Amino acid sequence: MLKWLRQLDAILRGDATRTSALKSGRIETPVAGVLVLTVMLAGLYGACVGSYAIIRTAWSDDGVTHDAFMQLLASTLKFPLLFGLTLLITFPSLYVFNAIVGSRLTVLSVARLLISMIAVMMAVLASLGPILVFFSASTTSYPFMKVLNVVMASIAGFLGLAFLLRTLGRLVVAQRPAPLPIDPPQSEASDQQATPAPDQRSALDAFHVGTDQKAALVFRIWVVVFSIVGAQMSWVLRPFIGSPDMPFTWFRQRQGNFFLDVAQAAGNLLGL
Amino acid sequence: MKAMLYTDDVLRARAELTLSTDHARWLLRIVLQIILFGSIYGAAMGAFGGARPLQILYSAIKVPLLLTATFAISLPSFFVVSTLLGLRNDFAASTRAIVTTQAGLSAVLCSFAPFTLLWYASVESYQAAILFNLLLFAASSLTAQHLLCNFYRPLIRSNPRHRLLMWIWLTLYGFVGVQMAWVLRPFIGHPGTPTTFFRAEAWGNAYIELIHTVLNLVSG
């Protein structure tokens, strides 16, 4: 367990994806343990989301209902499912197109890369958990909780996807025989925006050297696809928070879509 | 006297504060400062509308609670984001900077306490009392932000990305802090109502209230 935490930490710090670690053009981070941790972190965040139902009913006169416990359980189980299924749906096409454009990434490397990405997302998401629980405890507004959840998931998703694209850029660089040293432009701006020395580089740092255009394009498109699939998957798997007006169900009727509902919740908050 | 000198160091944002390695002593002093100064201001805040010892006591507890609880809730995200930005090796230093800033914030608040009392002595309106305290909180927060920038200067010099991290922290802390302050109401307490630690209908959402207030203003 401690070893897994250390591996996750290496991914977050960017140690696992440094240029020197990617020399072979493969990603060799062991991810089995990280995967277990990621599932646990996703479950933890899911529990934070489900806490809304528990806390809301705890304040009411009837006390915590059976439905609330079921919602907590459902959210805890659904969050790992959400990210697992999204990955499962988008992975095959990513690998196929990745191979078509002639990237040297093996299927195992792609899998490891994506697991690392999900690990980054879940670590960020879980760290936002306490804030979410605090708002669950003090807010009765259901639309607000929806919007807050979407914002938090977007933050985590954005950071995870940024991590993915940066690592890819680095992978291409690492495979080049000898990168030419580039003279930094002698301007005032370069003083402030000085690129940190290599050992200071983080997991989110870009390499501003030309990247393998085609593979990069495939991954960029994939990032968009992943976001849309993830959003819609969260819609299919709903309810995560549990509407105060509806009895507990594992899943709801198939109708509407994610974007419409979020827009509605935001409008609701703004009194439209 | 020595404690006073230490406060002076905080207000002058001396670099030694964030760089020294005597963690235990530093933490003890900072926490004592937050509790002491925070509760002095809280006590002043609760003194509205005549002597209500219970309200004064509650408010004195709430102000340090507001600062520490907000900090505790926001810290995990700060930790993960600073790791992602590659600033983990400086995590101890940056945490010291943000914690020390809170001691500075409570010292600034404390120095405003006499104004609050004078204001209470001169106005009768409960709304005016609330407004004045909001103003003082805003002024202290701005001052504290200035302190934070000073504490962060050596960090930013060593790695410019600390600037981004600092703004992320301020956003997080502000977002949680506003709601925390809302939840912990009443800080002043309406003189006409019985004194309670929490307000019966207190739980709610500061941001939703804000939106409603603005909408009401706009729609007349």
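For clarity, every value in this text was computed on a predicted model and none was experimentally measured.

Trainee: Talk me through the overall build of chain B; I want residue IDs and the actual numbers.
Mentor: Looking only at helices and strands, chain B features 8 helices and 0 strands. Element order for chain B, N to C, with α for helix and β for strand: α-α-α-α-α-α-α-α. For chain B, the C-alpha radius of gyration of 18 Å lies close to 17 Å, the compact-globule estimate for 220 residues. Oriented by its inertia axes, the alpha-carbon framework of chain B measures out at about 55 × 50 × 25 Å.

Trainee: Can you tell me about the confidence of the model for chain B, naming the residues and giving the values?
Mentor: In this model, chain B carries a mean pLDDT of 87, and residues with pLDDT of at least 70 account for 94%. What the predictor reports for the complex is a pTM of 0.80 with an ipTM of 0.77.

Trainee: Kindly report on the interface of chain A and chain B, identifying the contributing residues and their values.
Mentor: Listed per partner, the contact involves 31 residues of chain A and 24 residues of chain B. Elements with a minimum of two residues in the side of chain A that touches chain B: α1 (2-13), α4 (107-138) and α5 (142-175) of chain A. For the side of chain A that touches chain B, the leading source of residues is α4(A), giving 10 residues. Here the side of chain A that touches chain B is built from residues that sort into 17 nonpolar, 11 polar and 3 charged.

Trainee: Go over helix α3 (residues 23-45) of chain B, please, and point to the residues and values.
Mentor: With 23 residues, α3(B) should reach 33 Å at 1.5 Å per residue; the first-to-last C-alpha distance of 32 Å fits that figure. The set of residues buried in α3(B) consists of B:R29, B:I30, B:Q33, B:I34, B:F37, B:G38, B:S39, B:Y41, B:G42, B:A43, B:A44 and B:M45.

Trainee: Kindly report on helix α8 (residues 206-219) of chain B, identifying the contributing residues and their values.
Mentor: Here α8(B) spans 20 Å end to end across 14 residues, near enough to the 20 Å set by a 1.5 Å rise per residue. The buried fraction of α8(B) is low, at 0 of 14 residues.

Trainee: Account for the environment of B:S141, with residues named and values stated.
Mentor: All names here are of chain B. Along the polypeptide, S141 turns up in helix α6 (residues 126-158). Residue class for S141 comes out partly exposed when judged on the 17 C-beta atoms lying within 10 Å of it. C-alpha of S141 to C-alpha of F175: the two residues are 34 residues apart in sequence and 13 Å apart in space.

Trainee: Please give an account of the nonpolar core that cites residues and values.
Mentor: Inside soluble globular proteins, nonpolar side chains tend to come together where they are buried. All names here are of chain A. In this structure, Y45, V120, M121, M122, A123, V124 and L125 are the most contacted members of the largest nonpolar core, which totals 113 residues. Here this core gets 17 residues from one element, more than from any other, and that element is α4. When residues no more than four places from it in sequence are discounted, the contact partners of M121 are A156, G157, L159 and G160.

Trainee: An account of the environment of B:I188 is needed here, citing residue identities and associated values.
Mentor: Residues and elements named next belong to chain B. Looking at the element boundaries, I188 is found in the loop between α7 (161-183) and α8. According to the C-beta neighbour criterion, I188 is buried, with 20 such atoms within 10 Å. Spatially, the C-alpha atom of I188 lies 5.7 Å from that of M45, the residues being 143 residues apart in sequence. If sequence neighbours within four positions are ignored, I188 has contacts with M45, G46, F48, A129, I130 and N133.

Trainee: How would you sum up the confidence of the model for chain A? Please name residues and give values.
Mentor: Residues and elements named next belong to chain A. Residue-level pLDDT values for chain A average 80, and 81% of them are 70 or greater. The lowest-confidence element of chain A is helix α6 (residues 188-192), averaging 43 in pLDDT; the highest-confidence one is α4, averaging 91. pLDDT under 50 marks residues 183-195. Its contacts with residues more than four places away, or in other chains, come to 5 contacts. Note on residues 207-211: pLDDT under 50 across the span, and 8 contacts to partners over four residues away in sequence or across chains.

Trainee: Summarise the packing of helix α4 (residues 53-84) of chain B against α7(B); cite the residues concerned and give the values.
Mentor: All names here are of chain B. Running from N to C, α4 and α7 point in directions that differ by 145°, and their axes come no closer than 9 Å. Along this stretch, α4 crosses α7, giving a crossing that reads as right-handed. For the pair α4 and α7, the contacting residues are L66, A69, T70, I73, S74, S77, F78, V81 and S82 in the first and L165, I168, W169, L172, Y173, V176, G177, M180 and A181 in the second. In terms of residue class, the contact of α4 with α7 is built from 13 nonpolar, 5 polar and no charged.

Trainee: So what about unusual backbone geometry? Which residues, and what values?
Mentor: A:P239 follows A:R238 through a cis peptide bond whose omega is 5°. Mapped onto the elements, A:P239 comes out in the loop between α7 (213-236) and α8 (258-269). Omega for the bond connecting B:R185 with B:P186 falls within 30 degrees of zero, at -5°, which places this linkage in the cis form.

About the cut-offs
Residues numbered from 1 in each chain as written. Chains lettered and ligands numbered in written order. Predicted model: local features only at pLDDT ≥ 70, side-chain atom pairs only at ≥ 80, totals over all residues. Helix = DSSP H or I, 4+ residues; strand = E, 2+ residues; numbered from the N terminus. Rg over C-alpha atoms; globule rule 2.2 N^0.38 Å. pLDDT = per-residue confidence, 0-100. Contact = placed C-beta atoms within 7 Å. Nonpolar A, V, L, I, M, F, W, Y, C, P; charged D, E, K, R; others polar. Expected span 1.5 Å × (residues − 1). Buried ≥ 20, exposed ≤ 12 C-beta atoms within 10 Å, placed from the backbone. Core = buried A, V, L, I, M, F, W, Y, C linked by C-beta atoms within 7 Å. Axes fitted to C-alpha atoms, helices over the stretch in contact; angles between N-to-C directions. Left-handed = near helix turned anticlockwise from the far one by under 90°.

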